[in-house]
Each structure stands twice: as C-alpha cells, then as structure tokens.
Amino acid sequence: GNSVTQMEGPVTLSEEAFLTINCTYTATGYPSLFWYVQYPGEGLQLLLKATKADDKGSNKGFEATYRKETTSFHLEKGSVQVSDSAVYFCALIADSNYQLIWGAGTKLIIKP
Amino acid sequence: KAGVTQTPRYLIKTRGQQVTLSCSPISGHRSVSWYQQTPGQGLQFLFEYFSETQRNKGNFPGRFSGRQFSNSRSEMNVSTLELGDSALYLCASSLGSSGTYNEQFFGPGTRLTVL
C-alpha cells in the first residue's frame, strides 16, 4: 500500500544551521507530495508541494525536490531560525480519493 | 477571510461518555475532513463530508460518526469513549471539487482527554 516514512525526531539544530529532514515514500502511480508544518498549539499548514517528478516546491526558504528515482522528497533549508521550531509532516496523495497519506512527523527544535 | 474554527479547544471526559466536536469551515468551502492525531499513531483520517454527505471514510469503529449541515459546518461524535480516544482532533476544510486535489486548511484542533 501507499506509505510515507520520515526520519525520526527530534532534530535539534543551532540557529543558522542547514536543515535536512528526510522523507521517502511508497506509492503506485505518480503521487503528489506535500510538506505540512504544525507550530505549537496550532493546526497544520501547507508548507510546499510538488505534483510531478523533478518538481521543486519552495516556500519561506524551505525547498523539497520530487525525486522519483529515489522515491524521496527531502525538506531542506539553508539557514534555520528559532521560529522554524515546529513539527514537520511529509504526505502524499496517490489515488482518486485524493486522501492524504501522512508520515509520522519530525519535531524540529532550533536553539538560539 | 476567517480560518477554520473548532470548538471546544479542550475537553475532558470520562470513559463511557460521549462527546461532540464542532468545526466551522472557511466561508465558501463545502468539504470538511476530520483527522485524529496521537503520539503513537500519528495522523489518521476519520472521514470527509461534502454537501451534507459522507464522501470518504477511514478505518475507525462505528463509535466515531459525523455529520454536516447545510451551511457546511460539521460535527463529529464519539460514543462510549475509551482511554485510547484521547487525542487531538483536527478538522480541515477545502473547496471540495471532485476529480482533483483541493488544498485543505486546518483548524487548531480540539484536545480531547479521556479519564
């Protein structure tokens, strides 16, 4: 079946460090891929998405490239800030129901 | 434009009771989806309502039910509460057009604690 695997957290970094959160997927066909972010006490927000192979999604300094050959959609940011502390979820849509399949989430902690 | 609102934000119940959670979608959105979020199971899809009809359903027991009203507001009900129902319940609204993905906008959630 369809599934998403994310690196386990928490990931702890210092401010201005480079961030990578790994995400790999298993899906039939050609899924669309998403990164959502959940700030403390808030609901989920769509951070970025990519709908076909080699697409790069980007927003707020975050980027992720849809790699079909490695079935990956790793999230990166060149210089993290304390305000980026949150839980990040990788997700996909792979069928005609358009239901999101979620990864387990990765908690990111940025220290000043 | 107001976002998705959920009430109440926090709820404490005891085993065996029932609970009703409410979700008001973004104006103009006709689809409402419900999710359960727990540390152990992560995010799990409960059901989706569109135009007052359940359009999709996740793999949850019949104790979990929902409905949608003509103004697109939705309620979720859990009967005979169990300790394992303690979770953050998230509601998401979208335009709901069929045949394509519609971006979902999430509310802040209702934190349910079952004692």
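Let us look at the structure shown here. Here the structure is a predicted model, which means the values were calculated and not measured.

Attention shifts here to the pairing of strand β7 (residues 64-68) of chain B. Residue and element names in this part refer to chain B. Relative to strand β8 (residues 74-78), β7 is paired through five bridges, and the arrangement is antiparallel. Bridged to R67 within β8 is E75. Connecting β7 to the next strand, β8, in antiparallel fashion are five residues, including S72 with a positive phi near 75°.

So, about the sheet that holds strand β7 (residues 56-59) of chain A. The pairing of strands in a sheet happens through backbone hydrogen bonds and is either parallel or antiparallel. All names here are of chain A. If you trace the four strands from one edge of the open sheet to the other, you get β3-β9-β8-β7, paired in antiparallel fashion. Single-partner strands in this sheet number two, and they are β3 (19-21) and β7. When strand polarity is set aside, the average angle formed by the axes of neighbouring strands in this sheet is 20°. Here three bridges tie strand β8 (residues 62-65) to strand β9 (residues 75-77), and the two strands are oriented antiparallel to one another. Its bridge partner being in β9, E63 is matched across the sheet by E76.

With that out of the way, let us pick up the nonpolar core. Judged by nonpolar contacts, the single largest core of 26 residues is most densely connected at W35(A), L47(A), L48(A), F73(A), L75(A) and Y88(A). Only β2 (11-14), β3, β4 (23-26), β5 (32-38), β6 (44-50), β8, β10 (86-93) and β12 (106-111) of chain A provide two or more residues apiece to this core. At four residues, β10(A) tops the list of elements feeding residues into this core. In contact with L75(A), other than residues within four places in its own chain, are L19(A), T20(A), I21(A), W35(A), L47(A), L48(A), F62(A), E63(A), A64(A) and Y88(A). Within the second largest apolar cluster, 21 residues are counted, among which are V4(B), L11(B), C23(B) and L112(B).

With that settled, consider the side chain of E75(B). Its location among the elements puts E75(B) in strand β8. Setting aside residues up to four positions removed in sequence, E75(B) forms contacts with T20(B), L21(B), S22(B), W34(B), S65(B), G66(B), R67(B) and F69(B).

With that settled, consider the interface of chain A and chain B. Taken together, the 15 residues of chain A in the interface contact 17 residues of chain B. Interface area, chain A with chain B, both sides summed: about 1,400 Å², of which 56% is carbon and sulfur. Summed over the three residues of chain A that lose the most area to chain B, namely L44(A), Y98(A) and Q99(A), the buried surface amounts to 36% of that side. At the surface where chain A touches chain B, the tally comes to zero salt bridges. Across the chain A-chain B interface, the total number found is two residue pairs in polar contact (both at pLDDT 80 or more). Among the secondary structure elements, those contributing two or more residues to the side of chain A that touches chain B are β5, β6 and β10 of chain A.

Here we take up the packing of aromatic side chains. The way to describe two aromatic rings as a pair is by their centre distance and the angle between their planes. One pass over the structure, following the stated rule, counts 12 aromatic pairs over all chains. An angle of 85° between the planes, with centres 6.1 Å apart, marks the rings of Y25(A) and Y66(A) as edge-to-face. Placement of Y25(A) in strand β4 and of Y66(A) in the loop between β8 and β9 is noted, with a sequence separation of 41 residues between them. Comparing Y25(A) with Y66(A), the two get one shared label, buried. Between F47(B) and Y49(B) the ring centres are 5.6 Å apart and the planes differ by 70°, which places this aromatic pair in the edge-to-face class.

The rules behind the values
Residues numbered from 1 in each chain as written. Chains lettered and ligands numbered in written order. Predicted model: local features only at pLDDT ≥ 70, side-chain atom pairs only at ≥ 80, totals over all residues. Heavy atoms only, no water. Pairing = 2+ DSSP bridges. Helix = DSSP H or I, 4+ residues; strand = E, 2+ residues; numbered from the N terminus. Axes fitted to C-alpha atoms, helices over the stretch in contact; angles between N-to-C directions. Core = buried A, V, L, I, M, F, W, Y, C linked by side-chain atoms within 4.5 Å. Buried < 20%, exposed > 50% of the residue type's maximum accessible area, 1.4 Å probe, protein only. Contact = heavy atoms within 4.5 Å. Buried area = accessible area lost by both parts, 1.4 Å probe. Salt bridge = Lys/Arg side-chain N within 4 Å of Asp/Glu carboxyl O. Polar contact = N/O pair within 3.5 Å; in protein donor to acceptor, adjacent residues only side chain to side chain. Phe/Tyr/Trp six-rings, centres within 6.5 Å; stacked < 30°, edge-to-face > 60°.

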